[in-house]
Amino acid sequence: MELILDTANLDAIRELDSLLNVTGVTTNPSIIAKSGMSPEEVIDGLVGCLRPDQKIFIQTVRTDFEGMMEEARYICGLRPENMYVKIPVTHNGLRAIKAAKEEGLGVLATAIYSADEAFLAAMNGADYLAPYVNRMSNYGDGVAMVTELIQMLAVQGLPAKVIAASFKNSWQVHELIRAGIQAVTAPPEVVYSMIGHPGTEIAVSEFTRDWDAAFGRKTLR
Ligand code: G3P
């Protein structure tokens, strides 16, 4: 499974990348707008702090077909490899996904609210499909709908990877990992909530205390 960070926070990216095997980073216009940096600073920062084998996903801002295609070419040209354009699955977006794939660009279909939207974007050739798990939960069971999508793609033999997005808690991530999700993109706070269990810290304090009491030191040698 690919673990992607959904953030423009460069410090959090560096820190989590040192702790875990991070496959890449996704952003969207709202994330960049709230980052306190300009779009150029975010893009340069991401390109600068991720290795060439890590993936970067940047979303189009324009909503017309020509604009999406222009921005898609710009985004995918930012690095020689592992650059993906995120395109929302509007009518114009679906057209752009088809056209971008015909041009050989890496494409993530985003702002997905139903398994059917995702499935048809996969038929258009999208490499990744980003269903908004938590937002989908306004309309039913987001986790169940994404689980269904995973099954639909497998049954129909489509190669698109589901990159579940819009997480609000680690249970949603856990359940989708159990269901066989190919990738998740989660904000740093959700990833942090999956590690650093208080019980782990307590266990380590006990080890140190017992060792120190027995041997009068806190080191192995
Ligand atoms: O990548 C899509 C995701 O960022 C949307 O998340 O938290 O705005 O629902 P959220």
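Residues numbered from 1 in each chain as written. Predicted model: local features only at pLDDT ≥ 70, side-chain atom pairs only at ≥ 80, totals over all residues. Heavy atoms only, no water.

Colleague: Would you mind showing me how to read the overall build of the protein chain here?
Modeller: Each helix and strand counted, the protein chain has 11 helices and 8 strands in total. Its C-alpha atoms put the protein chain at 70 × 40 × 30 Å along the principal axes. Within the protein chain, contacts between residues separated by at least 24 positions form 55% of all contacts whose residues are at least 6 apart in sequence. In the form shown here, the protein chain has an accessible surface area of approximately 11,500 Å², with 54% of it arising from carbon and sulfur atoms. For the protein chain, the separation between the mean place of its 19 positive charges and that of its 27 negative charges on side chains is 3 Å. (Helix = DSSP H or I, 4+ residues; strand = E, 2+ residues; numbered from the N terminus. Contact = heavy atoms within 4.5 Å. Areas by Shrake-Rupley, 256 points an atom, 1.4 Å probe, with all protein chains shown as cover. Lys, Arg positive; Asp, Glu negative; His and termini not counted. Charge placed at Lys NZ, Arg CZ, Asp CG, Glu CD.)

Colleague: In this structure, what is going on with the site of the ligand? I would like to understand it.
Modeller: The ligand sits among Asp6, Asn28, Ile31, Lys86, Tyr132, Arg135, Ala165, Ser166 and Lys168. Separating an oxygen atom of the ligand from a side-chain N or O atom of Lys168 is a distance of 2.7 Å. For the ligand, whose free accessible area comes to 310 Å², the fraction covered by protein is 81%. Looking at the shell around the ligand residue by residue, the class counts come to 3 nonpolar, 2 polar and 4 charged. (Near = heavy atom within 4 Å. Polar contact = N/O pair within 3.5 Å; in protein donor to acceptor, adjacent residues only side chain to side chain. Nonpolar A, V, L, I, M, F, W, Y, C, P; charged D, E, K, R; others polar.)

Colleague: What is the right way to look at the sheet that holds strand 2 (residues 24–26) in this model?
Modeller: Hydrogen bonding along the main chain pairs the strands of a sheet, whether they run parallel or antiparallel. With respect to topology, 8 strands assemble into a closed barrel ordered 1-2-3-4-5-6-7-8, the strand pairing being parallel. Direction aside, neighbouring strands of the sheet carry axes that sit 25° apart on average. One ladder, built from 3 bridges, connects strand 2 with strand 3 (residues 55–59); its direction is parallel. Within strand 3, the position partnered with Val25 by the bridge is Ile56. (Pairing = 2+ DSSP bridges. Axes fitted to C-alpha atoms, helices over the stretch in contact; angles between N-to-C directions.)

Colleague: Looking at this structure, how should I read the nonpolar core?
Modeller: In a soluble, globular protein the nonpolar side chains are often hidden away together inside. Formed by 59 residues in total, the largest nonpolar core has its most connected members in Leu129 and Phe167. Phe167 has contacts with Val133, Gln172, Val173, Leu176, Val184, Thr185, Ala186, Pro187 and Val190, leaving out every residue within four places of it along the chain. Of all hydrophobic cores here, the second largest spans 10 residues; its members include Ile4, Leu108, Ile163 and Ala165. (Core = buried A, V, L, I, M, F, W, Y, C linked by side-chain atoms within 4.5 Å. Buried < 20%, exposed > 50% of the residue type's maximum accessible area, 1.4 Å probe, protein only.)

Colleague: Please explain the pattern of salt bridges as it appears in this structure.
Modeller: If the charged atoms of two oppositely charged side chains come close together, the side chains can form a pair. Enumeration according to the criterion identifies 12 salt bridges in this entry. Notably, a salt bridge pairs Arg73 with Glu103, separated by 2.8 Å at the nearest N-O pair. Taken together, the residues span a long stretch of sequence, with Arg73 in helix 4 (residues 65–76) and Glu103 in the loop between helix 5 (91–102) and strand 5 (107–112) at a distance of 30 residues. Of the residues examined, Arg73 reaches a relative accessible area of 41% and is grouped as partly exposed. (Salt bridge = Lys/Arg side-chain N within 4 Å of Asp/Glu carboxyl O.)

Colleague: Can you walk me through helix 1 (residues 10–19) in this structure?
Modeller: Three- or four-residue spacings in an α-helix give side chains the same orientation, since the helix completes a turn every 3.6 residues. Buried residues of helix 1: Leu10, Ala12, Ile13 and Leu16, and no others. Around the axis of helix 1, the buried residues are gathered within 155° of arc, so they sit on the same side. In helix 1, those exposed residues whose orientation departs by more than 90 degrees from the buried face are Asp11 and Ser18. Tucked into the core, helix 1 has its buried residues touching strand 1 (2–6), strand 2, helix 3 (39–49) and helix 10 (188–192). Where helix 1 starts, the residue carrying a side-chain oxygen 3.1 Å from the main-chain nitrogen of Asp11 turns out to be Asn9. (Arc of directions from axis to C-beta.)

Colleague: Looking at this structure, how should I read the environment of Gln59?
Modeller: Tracing the backbone shows Gln59 in strand 3. For the pair Gln59 and Gly125, spaced 66 residues apart in sequence, the C-alpha to C-alpha distance is 17 Å. Residue contacts for Gln59: discarding those within four places in its chain leaves Thr27, Asn28, Pro29, Ile75, Lys86, Pro88 and Thr110.

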